[in-house]
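Now for the letters of each chain:
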Amino acid sequence: MIINEMDLSDAVIVKSSKLKSAVWNDFDKVRKGEIHVAICRHCKKRLSGSSASGTSHLRNHLIRCKRRASCNGVGVTPPGKKRVELAIVDPTKHEHDASVVNSGLDQRRSRFDLARMIILHGYPLTMVEDVGFRVFLRNLQPLFEPVVFERVESDCMEIYAKEKHKIFEDLDKLPGKISVSVDVWNGGGSDDCDEFLCLAAHYIDETWEVRKRVLNFFMVDPSHTDVMLAEVVITCLMEWDIDRKLFSMASNRTPPFGEEVANKIRDRLSQNKFLYCNGQLFDVSCGVYVVNQMAQESLEACFETINKIRESIRYVKSSEFIQESFNQWGGSSERDLCIDDSTRWDTTCAMLEIALELKNVFSLMKQRDPHSSLPCPSGLEWARLETVVGFLKVFVEVTNTFTKGSSSNCLTANIYFPEICDIHLRLIECSKSPDGFISSLAVTMRKRFEEFWNRNHRVLAIATILDARFKMKLVEYYYPLFYDSTASEFIQDISEYIKALYNEHSVGSLLASSEQSLVWQENHQHPHPHHQHEDRLIEFDKYINATTTSPGQDSKSDLEKYLEEPLFPRNSDLDILNWWKVHTPKYPILSMVARNVLAVPMSNLSSEEDPFESSRKRRISETWCSLRPSTVQALMCAQDWIRSELESS
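Residues numbered from 1 in each chain as written. Predicted model: local features only at pLDDT ≥ 70, side-chain atom pairs only at ≥ 80, totals over all residues. Heavy atoms only, no water.

## Looking at the environment of Tyr502
Alright, step 1. With respect to the secondary-structure elements, Tyr502 resides in helix α17 (residues 487–524).
Alright, step 2. Through-space distance from the C-alpha of Tyr502 to that of Tyr276 is 9.8 Å; in sequence the pair is 226 residues apart.
Alright, step 3. Residue contacts for Tyr502: discarding those within four places in its chain leaves Ser557, Asp558, Leu559, Ile589, Leu590 and Val593. (Helix = DSSP H or I, 4+ residues; strand = E, 2+ residues; numbered from the N terminus. Contact = heavy atoms within 4.5 Å.)

## Let's talk about a nonpolar patch on the surface
Alright, step 1. A grouping of Leu537, Phe540 and Tyr543 is seen on the molecular surface, where their side chains present a nonpolar patch of about 330 Å² in accessible area.
Alright, step 2. Looking at the secondary structure, you find Tyr543 in helix α18 (residues 538–547). (Patch = residues over 30% accessible without salt bridge, like charges linked within 9 Å, V, L, I, M, F, W, Y side chains within 5 Å. Areas by Shrake-Rupley, 256 points an atom, 1.4 Å probe, with all protein chains shown as cover. Salt bridge = Lys/Arg side-chain N within 4 Å of Asp/Glu carboxyl O.)

## Some thoughts on the pairing of strand β6 (residues 195–204)
Alright, step 1. The element β6 is largely enclosed, with a buried count of nine among its ten residues.
Alright, step 2. Of the pairings in the sheet, the one linking strand β5 (residues 178–186) to β6 comprises eight bridges and is antiparallel in character. When the sheet's bridge partners are listed, Val182 is paired in β6 with Leu199.
Alright, step 3. In this sheet, strand β7 (residues 210–219) lies alongside β6 in antiparallel orientation, the contact comprising nine bridges. Considered in β7, the bridge of Ala201 is made with Arg213.
Alright, step 4. Remark: five residues form the turn of the hairpin made by β6 and β7, two consecutive strands paired antiparallel; Trp208 in that turn has positive phi of roughly 65°. (Buried < 20%, exposed > 50% of the residue type's maximum accessible area, 1.4 Å probe, protein only. Pairing = 2+ DSSP bridges.)

## Quick notes on the sheet that holds strand β1 (residues 12–13)
Alright, step 1. If you walk across this open sheet you meet the four strands as β1-β2-β3-β4, and the pairing is antiparallel. Of all strands in the sheet, those with a lone pairing partner are β1 and β4 (46–48), marking the two edges.
Alright, step 2. In the sheet, strand β2 (residues 27–32) pairs with strand β3 (residues 35–40) via six bridges, with the strands oriented antiparallel. Looking across to β3, one finds that Asp28 is bridged to Ile39.
Alright, step 3. Across the face of the sheet, helix α1 (residues 56–64) comes into contact with β2, β3 and β4 while running at roughly 150° to β4. (Axes fitted to C-alpha atoms, helices over the stretch in contact; angles between N-to-C directions.)

## Details of the packing of helix α6 (residues 226–239) against helix α7 (residues 259–271)
Alright, step 1. It is at 9 Å that the axes of α6 and α7 come closest, and there the two elements cross at 55°. It follows that α6 is oblique to α7 by the angle criterion. In this structure, α6 meets α7 at a crossing whose hand is right-handed. On α7, the residues touching Asp226, Val227, Leu229, Ala230, Glu231, Val233 and Ile234 of α6 are Glu260, Val261, Lys264, Ile265 and Arg268.
Alright, step 2. Residue classes in the contact of α6 with α7 are distributed as seven nonpolar, no polar and five charged. (Parallel < 35°, antiparallel > 145°, perpendicular 65-115°, else oblique. Left-handed = near helix turned anticlockwise from the far one by under 90°. Nonpolar A, V, L, I, M, F, W, Y, C, P; charged D, E, K, R; others polar.)

Printed below as a string of structure tokens:
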């Protein structure tokens, strides 16, 4: 778009450091209000400079710009800015004219750029042999030597090996523990029965940022027993040298990674004394998964009523006359009636919510035209549906809370406890309903919920205790509502677990200090024979470190001091990771607990997944699924690592 008339006397020049494209060597970008304008430095012509317009029109102008051509294509570079060369090819020249390219082309770097692009965007490796792609490359850069499938596959494997080495080093120097999530993926085709396991590490790094990195992606051998599959997973962990550094493992317990496999991994690691609290905090579940399952159960219970509403909406929208009549009887709403997408249950919730607002209009239309094909629900069906929609709205809100950070950063474990407790209370209340339909549905959902709750409530509670806005108070508020007279026992159980967790971290901290002390002594010990007797007192040094209190030192533990201090205001935004980063000197041991607990992945959705899909099955692209298993793992892992690097940069 060419901008002919505009007063730019008061326009603001956009800093050139923010403009990455080489085309800005020949243009000045100015802003007036919300309008961005690009001014050619040669002929002063004005064109659109908005980011939405891209830069193609600017490149085309430079091809036609006569004043630029008279300057032999040399752009005017502002002082202090390094010039980036831009090769603009005249399309009238012969396609093999190599005069427009730099003869110093780095073939290897270009090959690896191509391989990284394929990995990043999930392109098929065979694209390098497509005729159209080869023609494009030849016209773009005649000196680039075309590659074949085997060459680009080898380049992808080399990129994977280099990136894996960097991830290995990052995990090796972590200051805390690692939690692992295990997800089941399916093959590319709808009829593909191949299943894959994806292992991902979740941790808080030295800068107090939550990280997630895919570690392994392998095909499950259908002949493997639970014991054999558990051994495969443990072998993967040992290859990464993190079997001794695990805090928890999150899974949905769906085949092939069922309950027996998870239990055998936990028991194996517990036998080796690698887990805190004898592994009682090791096995956790995905909160989004259980909410999705309860939403499906709610919809199935109202299947017939929901179908009536779909048909009613179709009837209203079947003709303009019926739609106008519906609106005249009060059917106008801020939100239009629409049929849901049956594969996404949040759209079903939205459809039912709007229909409930207009239920009187549907009933009136049926009364006015009793012979119509309008299948209007009965009064009892509307009443029951209202309760179910109340559940669905809560499920939608909770799911949005659980997945709000999946596209960029991972969420910390402290956010889940209040949301899960709200669902718990609603299920308890509805299970007491005098309506047998509602109470039966609530009991069914409650059974599924309690399986999740019994496995996860300790980790959830400890995570919220480590939130300075709540500490023990939120547990002390909710548990009497759940357990009545036995609440004190459950509160005491949580208190004992966080104390045990703190004590185990404390012992680990003392051992680490002792080891550091021993290393210092070994490095600085005098070699003279008269000093050899000092070795006999090393154990005495450990005893002194463990039992001696420095003058003026508070005898209270970090945990006791933390719980005694006032709560952080709840109405204030709290960056919990930054809070613990700042308070690490004050609570050195408890901050270690926080680092490990807050990284537990209670939601393991990726940014590409829709949490509201009725049947959530992660699938590999068909083009990648047909490759060798080792290549599939390399592509899937490297893609995650490259994307994570780009997001954090």
